[in-house]
Amino acid sequence: MTSHFPEYIRGHFREGEILCAMGSHDEAYKCFQRALNLNPSCTEALNELAEVQIQMLCKKGYSRYQAGCAMEIAKDLKEAETILHAGLFSARDSEKYFSEDEDIVQPPPIDLPPSADLREDPTNPKKCCSLWVGNMTEKMTDQQVANLFKKYGEVKSAKHCTERFCAFVNFAHYESATKAMIALQGKDLAGNKKVILRWPDKVIYGK
């Protein structure tokens, strides 16, 4: 059908669904991409594409937890693989639990105006646990980055991408990520001038 009606978005979407059910994730990926090329704001295609990419990463030996976390902060599948290869997310992170009897202190309600850029909205509308940190120009180890942010809550993983002058920080709880953004947005941090903190695109748009 899609060969005869290449502009029919639903046709590409349905073909992708069928291929995905058959386990042909590489081909399904192409179908959802074609649907998004025709309509970039198609939420159904965005969601299915995200799921297919997670399945493709799982086939490479990563856990669903690792694949999902990487896709949250990566702009595409290739970057997600790079992040996972660098060891940003450990499979053991998904095994961290808190006792049901443990009291987790909730921060007071945030009374801040939302940002014009959803990726920098300090109210954290999607309750994201991960942060992208820009303007990280100083050379730092992953542990040093984690140490900078752990005062705001439990840091499950951190990765400094030296060549891109940025870092990724993954908290155990979204409240911690929220506090970090509010406290550090636009501030100088360990020699890094006016850092920029953002929520991952994939969490704000389409999920």
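Worth saying up front: this structure is predicted, and the values here are computed from it rather than measured. (Residues numbered from 1 in each chain as written. Predicted model: local features only at pLDDT ≥ 70, side-chain atom pairs only at ≥ 80, totals over all residues. Heavy atoms only, no water.)

(A) Local environment of the pattern of salt bridges. Taken as a whole and assessed by the stated rule, the structure comprises 8 salt bridges. A salt bridge links Glu 27 to Lys 30, with the nearest nitrogen and oxygen atoms 3.4 Å apart. Remark: Lys 30 and Glu 27 occur in helix 2 (residues 25-38); sequence separation between them is 3 residues, near one turn of the helix. Taking the relative accessible area as the measure of exposure, Glu 27 reaches 39% and is therefore partly exposed. Between Arg 198 and Glu 120 there is a salt bridge whose closest N-O contact spans 2.9 Å. Of the two residues, Arg 198 sits in strand 4 (residues 196-198) while Glu 120 sits in the loop between helix 5 (77-85) and strand 1 (130-134), which places them 78 residues apart along the sequence. (Salt bridge = Lys/Arg side-chain N within 4 Å of Asp/Glu carboxyl O. Helix = DSSP H or I, 4+ residues; strand = E, 2+ residues; numbered from the N terminus. Buried < 20%, exposed > 50% of the residue type's maximum accessible area, 1.4 Å probe, protein only.)

(B) Quick look at the UniProt feature "repeat: TPR" (unreviewed entry) in the chain. The residues that UniProt annotates with the feature "repeat: TPR" (unreviewed entry) are residues 9-42. With 79% helix and 0% strand, the stretch residues 9-42 has end C-alpha atoms that lie 9 Å from each other. (UniProt positions renumbered as here; feature names shortened; annotations may be inferred.)

(C) Layout of the packing of helix 1 (residues 9-21) against helix 3 (residues 43-59). Running from amino to carboxyl end, helix 1 crosses helix 3 at an angle of 25°, the nearest separation of the two axes being 11 Å. With respect to helix 3, the axis of helix 1 lies roughly parallel. Crossing hand, helix 1 versus helix 3: left-handed. Contact residues: helix 1 offers Arg 10, Phe 13 and Cys 20, while helix 3 offers Glu 44, Ala 45, Glu 48 and Val 52. Classifying every residue of the contact of helix 1 with helix 3 gives 4 nonpolar, no polar and 3 charged. (Axes fitted to C-alpha atoms, helices over the stretch in contact; angles between N-to-C directions. Parallel < 35°, antiparallel > 145°, perpendicular 65-115°, else oblique. Left-handed = near helix turned anticlockwise from the far one by under 90°. Contact = heavy atoms within 4.5 Å. Nonpolar A, V, L, I, M, F, W, Y, C, P; charged D, E, K, R; others polar.)

(D) Main features of unusual backbone geometry. Of note in this structure, Lys 127 is not a glycine but carries a positive phi near 55°. Summarising the element assignment, Lys 127 is placed in the loop between helix 5 and strand 1. For Lys 127, a relative accessible area of 52% puts it in the exposed group. For Phe 165, which is not glycine, the phi dihedral falls at a positive 55°. On the secondary structure map, Phe 165 appears in the loop between strand 2 (155-161) and strand 3 (166-171). Overall, Phe 165 belongs to the partly exposed group, its relative accessible area being 44%.

(E) Quick peek at helix 1. Helix length check: helix 1 (13 residues) gives 19 Å between terminal C-alpha atoms against 18 Å at 1.5 Å per residue, within 8%. Those residues of helix 1 that sit buried are Gly 11, His 12, Phe 13, Gly 16, Leu 19 and Cys 20. Buried positions along helix 1 lie against helix 2 and helix 3. Following helix 1 by one or two positions, Gly 23 adopts a phi angle in the positive range, close to 90°. (Expected span 1.5 Å × (residues − 1).)

(F) Molecular detail of the side chain of Ser 176. With respect to the helices and strands, the residue Ser 176 is situated in helix 7 (residues 174-184). Judged by relative accessible area, which is 7%, Ser 176 ranks as buried. In contact with Ser 176, not counting residues within four places along its chain, are Tyr 152, Gly 153, Glu 154 and Phe 171.

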